[in-house]
Amino acid sequence: MKCVFCKQSSVSSVTVEHIVPESLGNKEHVLAKGIVCDKCNNYFATKVEKRVLETEFFRNLRFRTGLESKKGRVPPGNALFPKTGCKGEISFDDDSSPLAIKITVDKETFDAILAGKIKQTYIPFNFELPKDNQAISRMLAKIAMEFMVQKFLHEPGYVEFMVDEEGFDPLRNYARFNHKNETWPYSVRKIYNEDEKFFKADGNSVDMVFECDFLGTELGEIYFVIAFKGIEFALNLAGPSVEGYEDWLESNNGLSPLYRQGMGFGYSLTPEFLKSNKDNPM
Ligand SMILES: [Zn+2]
């Protein structure tokens with residue numbers, strides 16, 4: 001057995017690969033041990049995903065939406081005290097009921113509050129979209145490669161095909177090695193609010209953290225599209241250009257490929273905005 005990224009023998013590998021990091025809400029989408037070798041698995045965790053999770057965007061997203069790491073931790077947010085240079089940390093108070101937000105400050109800040117020098121605090125919610133971030137771009141490449149493997153895992157010989165097919169070399173090498181130190185551009189935009197409600201066919205609502213799909217365009221390009229809490233990212237599987245995706249969006253009225261009418265997508269969940277307007281989605 002060979003690893004789909006480095007193509008080295010992976011028979012002795014012992015770890016399963018989480019396609020989307022656990023800290024971004026993925027509990028169930030894993031590849032069996034050996035499909036991604038331990039060395040690549042560890043590389044992605046420490047050199048790619050960790051950097052993504054440290055970005056302001058994903059830290060804030062996880063804080064705002066309470067996305068826990070596998071150890072059950074949610075990263076803290078920041079509390080600012082204008083004009084003083086003091087800073088505090090905000091976190092969820094797990095022991096309180098109902099759930100509360102706790103503000104922790106150092107002694108200097110606390111003294112300034114007691115002395116009446118600080119009267120207000122601000123909790124910034126950063127909604128700025130992360131553009132041109134190399135770690136995010138490479139994580140998208142990694143996730144795309146792995147979802148492609150997972151999608152056809154039941155087909156005999158498919159994993160071997162994915163290992164041998166040179167057409168996937170630019171994508172896998174970019175995700176795993178990036179020898180040329182490139183940053184493939186990706187598209188990023190908001191497609192719905194992060195508190196959007198999602199429903200299963202039986203009408204029960206579920207918590208949607210991420211959803212994804214592949215889009216083949218008329219020009220023969222394939223894009224991997226994934227949305228985290230309503231922020232949609234798209235990456236071209238063939239290389240560093242997203243112009244084809246932008247053109248596709250333009251000729252499809254900005255509709256997300258995740259919500260093409262009549263196509264299978266994500267988890268077959270219906271968001272509130274489609275439920276209320278079923279005949280004319282987006
Ligand atoms: Zn490997």
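Residues numbered from 1 in each chain as written. Predicted model: local features only at pLDDT ≥ 70, side-chain atom pairs only at ≥ 80, totals over all residues. Heavy atoms only, no water.

With that settled, consider the coordination of the zinc ion. The protein atoms that coordinate the zinc ion are Cys3 (SG), Cys6 (SG), Cys37 (SG) and Cys40 (SG), at distances spanning 2.3 Å. Each of the four donor atoms around the zinc ion contributes to a set of angles spanning 106 to 115 degrees, which defines the coordination as tetrahedral. For the zinc ion, all donor residues lie on one chain, and their spacing in sequence is C-x2-C-x30-C-x2-C. Of the two residues, Cys3 sits in the segment before strand 1 (17-18) while Cys37 sits in the loop between strand 2 (30-31) and helix 1 (38-54), which places them 34 residues apart along the sequence. Residues Cys3 and Cys37 agree in their burial class; the two are buried. (Donors = N, O, S within 2.8 Å, 3.2 Å for Na, K, Ca; no water. Tetrahedral: all angles 85-135°; square planar, octahedral: opposite > 155°, others 65-115°. Helix = DSSP H or I, 4+ residues; strand = E, 2+ residues; numbered from the N terminus. Buried < 20%, exposed > 50% of the residue type's maximum accessible area, 1.4 Å probe, protein only.)

Another aspect to go through is the sheet that holds strand 11 (residues 231-236). Taken in spatial order, the four strands of this open sheet run 6-11-10-9, and their pairing is antiparallel. Bordering the open sheet on either side are strand 6 (187-190) and strand 9 (210-216), each of which pairs with just one other strand. Strand-to-strand twist of the sheet, defined as the mean angle between neighbouring strand axes without regard to direction, takes the value 20 degrees. In this structure, strand 9 lies alongside strand 10 (residues 222-228), joined through seven bridges in antiparallel fashion. Paired with Glu211 across the strands is Ala227, a residue of strand 10. (Pairing = 2+ DSSP bridges. Axes fitted to C-alpha atoms, helices over the stretch in contact; angles between N-to-C directions.)

Take the UniProt feature "domain: HNH endonuclease" (unreviewed entry) in the protein chain next. UniProt tags residues 3-52 as "domain: HNH endonuclease" (unreviewed entry). Strand forms 8% of residues 3-52 and helix 30%; the C-alpha atoms that close the span are 23 Å apart. (UniProt positions renumbered as here; feature names shortened; annotations may be inferred.)

To continue, consider the pattern of salt bridges. Tallied over the full model, the rule gives 11 salt bridges. In this structure, Asp169 and Lys7 form a salt bridge, with 3.0 Å as the shortest nitrogen-oxygen distance. You can see Asp169 sitting in helix 6 (residues 169-176) and its partner Lys7 sitting in the segment before strand 1, a full 162 residues away along the chain. Residue Asp169 is classed as buried on the basis of its relative accessible area of 19%. Looking at Lys7, the relative accessible area reads 28%, which means it is partly exposed. For the salt bridge of Arg172 with Asp169, the shortest nitrogen-to-oxygen distance reads 2.9 Å. Within this pair, Arg172 and its partner Asp169 are both found in helix 6, separated by three residues, close to a single helical turn. (Salt bridge = Lys/Arg side-chain N within 4 Å of Asp/Glu carboxyl O.)

Turning our eyes to something else, we now look at the environment of Asn78. Within the secondary structure layout, Asn78 lies in strand 3 (residues 77-81). Accessibility expressed as a relative area gives 28% for Asn78, which makes it partly exposed. If we skip the residues at most four places from it in the chain, Asn78 touches Gly88, Ile90, Tyr122, Ile123 and Pro124. (Contact = heavy atoms within 4.5 Å.)

For the rest of this paragraph, the subject is helix 1. In this model, helix 1 (17 residues) spans 23 Å end to end at C-alpha, consistent with the 24 Å of a helix rising 1.5 Å per residue. The largest bend along helix 1 reaches roughly 35 degrees and is located at Ala45. (Expected span 1.5 Å × (residues − 1). Bend = angle between axes of the 7 residues up to and from the residue.)

Within strand 11, six of the six residues are buried, which leaves the element mostly enclosed by the surrounding structure. Residues Ile231, Phe233 and Leu235 line one face of strand 11 and the alternating positions Glu232, Ala234 and Asn236 line the opposite face, and both faces are buried. The pairing of strand 6 with strand 11 spans four bridges and is antiparallel. For Val188, the partnering residue across the bridge sits in strand 11 and is Phe233. Looking at chain direction, strand 10 and strand 11 are connected through six bridges and run antiparallel.

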